[in-house]
Amino acid sequence: MSRRRLSTGRKISRAFQYFTLILASIFVLMPLWSAFVASFKTASEYANSTHISLPESFLHFDNYRAALFPEQQTGIGLVGAFANTLEILLFSLAVLILIGAAAGYALERFRFPGRLVIIGLYAMLAVVPQILTPVSTFQILSFLGVVNTRWALVLLYSGADIVSLLVLIQFVRAIPVEIDESARIEGANYFQIFFRLIMPMMLPAISTVIILRTVSIYNDFVAPYLYASKPGDQTVSMILYQMADVISGSSPTVIMATVIIVILPTLIAFFFIQKFIYAGITQGAVKG
């Protein structure tokens, strides 16, 4: 069977699509490429070459060694910041997934007074400018006695945002109600139905929420800066900010190496669970 020939207009349209995609990719990848090649350059090489030129050797790891194990370390360093960030992520995501998945299941499966009000309040909070909330947030955290501790960040990050909640609700909506009804006939209560049947089916949606929230928490600088600024509780975003400070004296090549190290975990996580992300966004979990 011969392939249908494209019209001239269709060819021009497709060529324009490819051109815009390639151009957008260049704009997105160029800063990453600049940071990547700079992380392998010496200070003199960086000063005397363009930002996108190749280094003399890709085996020059001194910048990475200096980023991970600095000779004059005043705080916890990048390794300690990674440990703090990982601890905050694990606790926050565990609470977020448990509460968020349960809330999504309850809001979708049950019809009770105030259900739409709860969803509306979530949506309303999403449009409130974040610049208006730090004072009240600080007062609440201060009342709870967790200001300047990692637990302040865990409490802030544990709440399900409207995007996460909608992803979970939409996924539960795709699961047939007959599964719940069959389990009820067999004598299962709602807790057993949720934890043994519904939650395992929600794995694609949960994976989507995890990667979205992980990127948001991992890159957040404002909350750690305002509510957990003690040197022992610093996260990777705060360490990167300190290194990029003019008075820090850090070499630009060491800063670029730090940037690459900070970016790597999210890239690796994305490649490992990207199929779950696409499944969570585009399809339901219908099992029978």
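Not measured: the values here are computed from a predicted model.

Draft legend 1. Summary view of the packing of aromatic side chains. Inspection of every chain in the model, using the stated rule, returns 15 aromatic pairs. Both rings, one in W33 and one in F36, keep their centres 6.1 Å apart while their planes meet at 40°; by these two values the pair is tilted. Separated by three residues within a single helix, W33 and F36 lie in helix α1 (residues 8-38), roughly one turn from each other. You can call F36 partly exposed: its relative accessible area is 30%.

Draft legend 2. Region of interest: helix α7 (residues 150-157). Within α7, the full set of buried residues consists of A152, L153, V154 and Y157. As for α7, its buried residues are in contact with α4 (77-109), α6 (134-144), α11 (203-219) and α12 (222-227).

Draft legend 3. Local environment of the environment of L125. One can find L125 in helix α5 (residues 115-126). Here L125 falls in the exposed class, since its relative accessible area comes to 59%. For L125 and I162, which are 37 residues apart along the polypeptide, the C-alpha to C-alpha distance reads 8.3 Å.

Draft legend 4. Expanded view of a nonpolar patch on the surface. Side chains of Y18, L21, I22, I26, M30, W33, F36, I52, L54 and F58 sit close together on the surface and give an oily, nonpolar patch of about 960 Å² of accessible area. A relative accessible area of 34% places W33 in the partly exposed class.

Draft legend 5. View of the nonpolar core. Counting residues in hydrophobic clusters, the biggest one holds 50 residues, and the most contacted among them are I198 and M202. It is α4 that contributes the most residues to this core, nine residues altogether. Residue contacts for I198: discarding those within four places in its chain leaves Y105, R109, I175, D180 and I193.

Draft legend 6. Seen up close, the environment of L212. Here L212 is to be found in helix α11. As a C-alpha pair, L212 and V163 span 49 residues in sequence and 9.2 Å in three-dimensional space.

What counts and how
Residues numbered from 1 in each chain as written. Predicted model: local features only at pLDDT ≥ 70, side-chain atom pairs only at ≥ 80, totals over all residues. Heavy atoms only, no water. Phe/Tyr/Trp six-rings, centres within 6.5 Å; stacked < 30°, edge-to-face > 60°. Helix = DSSP H or I, 4+ residues; strand = E, 2+ residues; numbered from the N terminus. Buried < 20%, exposed > 50% of the residue type's maximum accessible area, 1.4 Å probe, protein only. Contact = heavy atoms within 4.5 Å. Patch = residues over 30% accessible without salt bridge, like charges linked within 9 Å, V, L, I, M, F, W, Y side chains within 5 Å. Areas by Shrake-Rupley, 256 points an atom, 1.4 Å probe, with all protein chains shown as cover. Salt bridge = Lys/Arg side-chain N within 4 Å of Asp/Glu carboxyl O. Core = buried A, V, L, I, M, F, W, Y, C linked by side-chain atoms within 4.5 Å.

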